Amino acid sequence: MPPLFMHADSHAPKIYHKFGWSRGTIGAAVSLNLALYGLTAPFAAALMDRFGIRRVVAVALSVIALGSGLTVWMTAAWQLWLCWGLLVGLGSGSMALAFAATVTNRWFTERRGLVSGILTAASASGQLIFLPVLSWLTEHHGWRPAAVTVSLAALAVVPFVWILLRDHPADVGQKPYGAREFTPKPPPVTGAARRTLKVLSTSVRTGTFWLLAGTFAICGASTNGLIQTHFVPAEHDHGMPVTTAASLLAVVGVFDVVGTIASGWFTDRFEPRRLLAVYYALRGLSLLFLPMLLGPAVHPPMLFFIVFYGLDWVATVPPTLALCREQFGEDSAIVFGWVLASHQIGAALVAYLGGLARDVFGSYDLVWYASGTLCAAAALMSLVIRRRPPASLPAVA
């Protein structure tokens, strides 16, 4: 999510003062975007089984380009909610982490943890590349050139997706990595919406689903909803220039790549539940210290926080995906899509409530402390998850 809206409240002279929108108004649009990002994911996973990965991703990129491009002409808050909240939320949700789950399940039978870590870390690369550039564009030329840049970048990728992306190893005459035998391409699975809801109906009957959904909701609240949305404006409140604060988030992206790939490697070797407990506990501890680190200049303790938080940013994804695969078998990509929906709902709530708290109390301190406490709860919830063989939950036809 580019900084013109992801950190829109830090660009008050350019956006708020122009339209007269409050932090809560911007937060509502971001919340809609985050919620749809998650709620779209399970249906997108089923659509990939019906129409193929390539078609779904190409359409999703086109929708993102349309939504971002149309914001150039917006004049009212409802247009921001429509373009950025609805269209970009739907498009990005169709390429959410359920995409990584689908690719991992189809193309690999070994090293799945590492592969899911690499694919998840790819999202950090986008933040690393685009966040400083878009922040600079917004600061020096306004938010409209930044919106156009996002739109053009999404459109530029569509031809590469259509030409290079394949739906299944059988399309290129290969077997999945680590498989002993060639696997024919399965026929399209019809009734995507019905299947998605059936998988949800089955999975919600298990305590494991609710524990995974709950911990991942806290994950979203403490990353996308909190740091990604409110870190830059919080630093701006303490006198730090917007471009400097955005650059710190880009550094998070650098270490996010390292941390997520390492987490995938760990997931192939250690128990996922214990990994999740460690990740959430360390994240919560770091958030409790953050209010003491905010200031107008970059200093060593803040750099330590950025590096530490970057390593832990989405390190939770590979073990969470592994637990979904272990518990729900062939339906794991769709189940993970629903778990991701909880992630984004948590993110959406904190994106909105964080801005609202800032409006009411004049500070983000309460938000940091509350989020740190939630992460501690997530660590305990991770340890409660009971491991079961996937055969205990049959696939939903």
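Residues numbered from 1 in each chain as written. Predicted model: local features only at pLDDT ≥ 70, side-chain atom pairs only at ≥ 80, totals over all residues. Heavy atoms only, no water.

In the annotation of an unreviewed UniProt entry, the protein chain is listed under the name MFS transporter and assigned to Streptomyces yokosukanensis. Per its UniProt entry, the protein chain bears the Subcellular location (unreviewed entry) comment "Cell membrane". (UniProt positions renumbered as here; feature names shortened; annotations may be inferred.)

(A) View of the overall build of the protein chain. Broken down by element type, the protein chain carries 17 helices and 0 strands. In the protein chain, which comprises 397 residues, the proportion classed as buried is 55%. Taking all contacts inside the protein chain whose residues are at least 6 apart in sequence as the whole, residues at least 24 apart take part in 82%. (Helix = DSSP H or I, 4+ residues; strand = E, 2+ residues; numbered from the N terminus. Buried < 20%, exposed > 50% of the residue type's maximum accessible area, 1.4 Å probe, protein only. Contact = heavy atoms within 4.5 Å.)

(B) Structural detail: the pattern of salt bridges. Considering all chains together, one arrives at 7 salt bridges under this definition. For Asp 49, the salt bridge goes to Arg 106, with nearest N and O atoms at 2.8 Å. Separated by 57 residues along the polypeptide, Asp 49 in helix 3 (residues 23-51) and Arg 106 in helix 6 (residues 97-107) bring together distant segments of the chain. For Asp 49, a relative accessible area of 23% corresponds to the partly exposed category. (Salt bridge = Lys/Arg side-chain N within 4 Å of Asp/Glu carboxyl O.)

(C) Quick peek at the nonpolar core. Core analysis: the largest hydrophobic core is formed by 62 residues, its most contacted members being Ile 227, Phe 231, Leu 290, Met 302 and Trp 368. Among the domains, domain 1 (1-182) and domain 2 (195-386) are the pair contributing at least three residues each to this core. Apart from residues lying up to four places away in sequence, Phe 231 is in contact with Leu 226, Ala 245, Leu 248, Leu 249, Leu 290, Leu 294, Met 302, Ile 306 and Trp 368. (Core = buried A, V, L, I, M, F, W, Y, C linked by side-chain atoms within 4.5 Å. Domains from an automatic or database assignment.)

(D) Here's a closer look at a nonpolar patch on the surface. A cluster of nonpolar residues, Leu 39, Ile 345, Leu 349, Tyr 352, Leu 353, Leu 356, Val 360, Phe 361 and Leu 366, forms a patch on the protein surface that exposes about 840 Å² of accessible area. For the nonpolar patch, the leading source of residues is helix 16 (residues 332-361), giving 7 residues. With respect to the element layout, Ile 345 can be found in helix 16. Residue Ile 345 is classed as partly exposed on the basis of its relative accessible area of 39%. (Patch = residues over 30% accessible without salt bridge, like charges linked within 9 Å, V, L, I, M, F, W, Y side chains within 5 Å. Areas by Shrake-Rupley, 256 points an atom, 1.4 Å probe, with all protein chains shown as cover.)

(E) Seen up close, the environment of Thr 138. Within the secondary structure, Thr 138 sits in helix 7 (residues 112-141). For the pair Thr 138 and Val 242, spaced 104 residues apart in sequence, the C-alpha to C-alpha distance is 9.7 Å.

(F) Local environment of helix 15 (residues 317-328). The first and last C-alpha atoms of helix 15 sit 16 Å apart over 12 residues, in line with the 16 Å expected at 1.5 Å per residue. For helix 15, the buried fraction is high: 12 of the 12 residues fall into the buried class. Within helix 15 the residues assigned to the buried category are Val 317, Pro 318, Pro 319, Thr 320, Leu 321, Ala 322, Leu 323, Cys 324, Arg 325, Glu 326, Gln 327 and Phe 328. Backbone geometry just downstream of helix 15 places Gly 329 in the positive-phi region, at approximately 55°. (Expected span 1.5 Å × (residues − 1).)

(G) Local environment of the packing of aromatic side chains. Following the criterion strictly, the structure yields 9 aromatic pairs and no others. Between Phe 43 and Trp 338, the ring centres sit 5.5 Å apart and the planes meet at 70°, which makes this aromatic pair edge-to-face. Of this pair, Phe 43 sits in helix 3 while Trp 338 sits in helix 16, and the two are 295 residues apart along the sequence. When its relative accessible area of 27% is taken as the criterion, Phe 43 is described as partly exposed. Note on Phe 304 and Phe 308: the rings are 6.1 Å apart at their centroids and 20° apart in plane angle, and the pair reads as stacked. (Phe/Tyr/Trp six-rings, centres within 6.5 Å; stacked < 30°, edge-to-face > 60°.)

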